[in-house]
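Here's the letter readout for the chains.
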Amino acid sequence: MKKFLLVILVLVFGCSTGGRKLALGTYRIKYASYGMFGTTIDLKADSTFVKNFSGDMMNDNSYGKWFVVKDTLVLSFDTINHPKSRYKEQEKYGIKGNKLISPNMLVELFKKRGIWDTLSPKYKRMVKKYKDKTMIDFKGTMRKNYYILVE
C-alpha cells in the first residue's frame, strides 16, 4: 500500500510543473499584417531561435536566445554578432497551449515613455480595445493576432 501511494505521489507531483510547457518548433503569425507581412519564430532545443520577417520583397532573419519565465517566453536578440537585425529589443510572449500571445505593446510603450498617465480614460479605452489586433487588409479589417505552432 505504501508503494502504491508513493507511486501516485510521484506521478502527481512529477507531472505538474510550475510554468507552462513550451513546444519547440516553428510558430507562424496567424494573420499577416496588411495581408503581406508575416513573421515566424523557430525555437530550437539549444535555446536559440530565428525570427523571420517576410513580405513585399523582403525576407530577413534575426537571431538570439530564448528562455521561459513562468508562463512567459522571452526572446533576447543577438545584436553583437548580427548588428543589422531587424529586431533589437527583448520581446515577451504569453504561452497558452500551442500559441504565443503578444502583450499589448502600445500600452507598454506608453507606460515606458511616461505618456500613459497623461491620457484621458477615453483614449486609454481606445488603445486597450485594439490589444493583440493587427490590420489584415487595406480596408481596415482588424483581427486578434498570435503565433501558432505549425511544425
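Bear in mind that the values here come from a model prediction, so they are computed numbers and not experimental data.

1. Some details on the nonpolar core
Grouped together as the largest cluster of nonpolar side chains are 16 residues, with contacts concentrated most on L22, L43, L73, L75 and L100. Contributions of two or more residues to this core are made by β1 (25-29), β2 (38-43), β3 (48-55), β5 (72-77) and β6 (91-96). Sort the elements by how many residues they give to this core and β5 lands first, with three residues. Residue contacts for L22: discarding those within four places in its chain leaves Y27, L43, W66, V68, L73, I95 and L100.

2. Some words on the pattern of salt bridges
Going through the model one piece at a time under the given rule, you end up with three salt bridges. With its nearest N and O atoms 3.0 Å apart, the salt bridge here joins D60 to R86. With D60 in strand β4 (residues 58-69) and R86 in the loop between β5 and β6, this pair connects stretches of sequence that are 26 residues apart. With its nearest N and O atoms 3.9 Å apart, the salt bridge here joins K112 to E89. Here K112 is found in helix α2 (residues 105-112), whereas its partner E89 is found in the loop between β5 and β6, with 23 residues between them in sequence. Judged by relative accessible area, which is 58%, E89 ranks as exposed.

3. Quick look at the confidence of the model for the protein chain
Mean pLDDT over the protein chain works out to 80, with 84% of the residues at or above the 70 mark. Low pLDDT (under 50) marks residues 2-19, which in the prediction has three contacts with non-local residues, meaning those over four places away or in another chain.

4. A closer look at the pairing of β2
A regular strand places its side chains so that they alternate between the two faces of the sheet. The element β2 is extensively covered by neighbouring structure, given that five of its six residues are classed as buried. In this sheet, β3 lies alongside β2 in antiparallel orientation, the contact comprising six bridges. Looking at β3, one finds that L43 is bridged to F49.

5. Some details on a nonpolar patch on the surface
A cluster of nonpolar side chains, contributed by Y34, M36 and F138, occupies part of the molecular surface with about 320 Å² of accessible area. Structurally, the position occupied by M36 is in the loop between β1 and β2. Take M36: its relative accessible area is 33%, and that puts it in the partly exposed class.

Quick notes on the rules
- Residues numbered from 1 in each chain as written.
- Predicted model: local features only at pLDDT ≥ 70, side-chain atom pairs only at ≥ 80, totals over all residues.
- Heavy atoms only, no water.
- Core = buried A, V, L, I, M, F, W, Y, C linked by side-chain atoms within 4.5 Å.
- Buried < 20%, exposed > 50% of the residue type's maximum accessible area, 1.4 Å probe, protein only.
- Helix = DSSP H or I, 4+ residues; strand = E, 2+ residues; numbered from the N terminus.
- Contact = heavy atoms within 4.5 Å.
- Salt bridge = Lys/Arg side-chain N within 4 Å of Asp/Glu carboxyl O.
- pLDDT = per-residue confidence, 0-100.
- Pairing = 2+ DSSP bridges.
- Patch = residues over 30% accessible without salt bridge, like charges linked within 9 Å, V, L, I, M, F, W, Y side chains within 5 Å.
- Areas by Shrake-Rupley, 256 points an atom, 1.4 Å probe, with all protein chains shown as cover.

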